[in-house]
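Listed here are the chains, written in short residue letters.
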Amino acid sequence: MTDHRPTTTSHDTADETRATETRRTPDRGSPRAIRRSLPLSEAAREFLRHPSPWMIAAVFVVAATTRLAVGDWQLTDALVPVVILAAFPVVEWIIHVTVLHWRPRHLGPLTLDSELARKHREHHVDPRDIPLIFIPPKSLLLTILALVAIALLAFPRTGLGLTFLLTIGTLGMLYEWTHYLIHTDYKPKHAPYRAIWRNHRHHHYKNEHYWFTVTTSGTADRLLGTAPDPATTPTSPTARNLHAD
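A quick note: this is a predicted structure, and the numbers were derived from the prediction, not measured.

1. A closer look at the nonpolar core
- Counting residues in hydrophobic clusters, the biggest one holds 28 residues, and the most contacted among them are Phe134, Tyr180, Ile182 and Tyr193.
- With eight residues, the single largest contributor to this core is helix α7 (residues 158-182).
- Look past the residues within four positions of phenylalanine 134 in its chain and what remains in contact with it is Phe47, His50, Ser52, Pro53, Glu176 and Tyr180.

2. Structural notes on helix α6 (residues 137-153)
- In a regular helix each residue adds 1.5 Å, so 17 residues correspond to 24 Å; α6 covers 24 Å between its end C-alpha atoms and thus fits that length.
- All buried positions along α6 are accounted for by Ser139, Leu140, Ile144 and Ala151. All buried residues of α6 lie within an arc of 135° about the axis, which places them on one face of the element. For α6, the exposed residues lying more than 90 degrees away from the buried face are Lys138, Leu142, Leu145, Leu152 and Leu153.
- Close packing links the buried residues of α6 with α3 (51-70), α5 (115-125) and α7.

3. Regarding the environment of glutamine 74
- One can find glutamine 74 in the loop between α3 and α4 (76-100).
- Since its relative accessible area comes to 40%, glutamine 74 is described here as partly exposed.
- Engagement of the side chain of glutamine 74 in a polar contact is seen with the side chain of aspartate 72, the distance being 3.2 Å.

4. Considerations on the layout of surface pockets
- In this structure, the largest pocket spans a volume of roughly 880 Å³.
- In this structure, the largest pocket is lined by 37 residues; those nearest its centre are Ile95, Ile135, Thr143, Gly172 and Tyr175.
- Looking at the lining of the largest pocket, the elements that each hand over two or more residues are α3, α4, α5, α6 and α7.
- Here the lining of the largest pocket gets 10 residues from one element, more than from any other, and that element is α4.
- When its residues are assigned to classes, the lining of the largest pocket shows 25 nonpolar, nine polar and three charged.
- When its volume is computed, the second largest pocket comes out at roughly 150 Å³.
- Lining the second largest pocket we find Ala195, Arg198, Asn199, His202, Trp211, Ser217, Gly218, Arg222, Ala227, Pro228 and Pro230.

5. So, the side chain of histidine 50
- Of note, histidine 50 is situated in the loop between α2 (40-47) and α3.
- Note on histidine 50: relative accessible area 12%, which makes it buried.
- At a separation of 2.8 Å, a polar atom in the side chain of histidine 50 contacts the side chain of glutamate 46.
- The contacts of histidine 50, once residues within four sequence positions are left out, are Ile130, Pro131 and Phe134.

The rules behind the values
Residues numbered from 1 in each chain as written. Predicted model: local features only at pLDDT ≥ 70, side-chain atom pairs only at ≥ 80, totals over all residues. Heavy atoms only, no water. Core = buried A, V, L, I, M, F, W, Y, C linked by side-chain atoms within 4.5 Å. Buried < 20%, exposed > 50% of the residue type's maximum accessible area, 1.4 Å probe, protein only. Helix = DSSP H or I, 4+ residues; strand = E, 2+ residues; numbered from the N terminus. Contact = heavy atoms within 4.5 Å. Expected span 1.5 Å × (residues − 1). Arc of directions from axis to C-beta. Polar contact = N/O pair within 3.5 Å; in protein donor to acceptor, adjacent residues only side chain to side chain. 1 Å grid on protein atoms, 1.4 Å probe; cavity = no way out; pocket = protein on both sides within 12 Å on 5 of 7 lines; lining within 4 Å. Points joined across faces, edges and corners; volume = space filled by probe spheres on them. Nonpolar A, V, L, I, M, F, W, Y, C, P; charged D, E, K, R; others polar.

So, in structure tokens, the structure goes:
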């Protein structure tokens with residue numbers, strides 16, 4: 001199967017360019033083939049070969065179908081998506097910092113380290129490894145079950161809980177597609193996506209201590225002080241090896 005992994009472009013940082021040009025496949029020890037572009041249709045076909053998009057899509061379809069069947073539309077059904085959309089960049093930032101960048105902790109003989117954190121460290125080691133881009137299915141399943149429980153138990157109306165679940169499903173698919181596309185060879189063609197693309201590339205190839213949002217740029221990072229000027233930000237020696245310091 002064709003290696004759909006990203007390559008350097010005119011938008012890349014110098015650090016990423018050097019990393020890409022010198023990177024070698026861990027198991028084969030030979031330089032990877034460099035691709036210069038990837039059609040969006042081909043990127044979409046690869047995206048659909050992985051389980052997490054289908055799992056999130058299933059949540060969306062079930063939530064949408066059930067929401068239509070339940071009815072009982074009220075003003076709060078419009079308010080919930082607005083609140084979630086406004087909070088999403090901050091939530092995304094918090095999850096990235098506290099869950100994905102979790103530093104393993106030892107409690108006696110026990111090691112506190114989630115699958116999400118472990119896989120994310122692997123993702124930083126090789127941001128071009130396509131399977132590591134996606135949310136691990138087991139962790140995603142547990143997350144879905146938790147969200148369903150919240151939808152059923154934390155809202156005063158079943159319909160409102162389903163609206164919540166439908167909104168989360170939509171944003172989940174947006175997150176998974178955006179994060180995947182950033183790490184492919186698809187070249188940014190429009191300014192909004194280019195800004196998101198560059199923001200996340202800085203996180204992986206410049207300094208892992210900044211630029212934590214994925215689906216937006218200049219939002220939660222700016223609010224929480226993690227959006228410095230890349231030109232004056234030092235390149236981190238541990239961007240590819242989290243917690244090695």
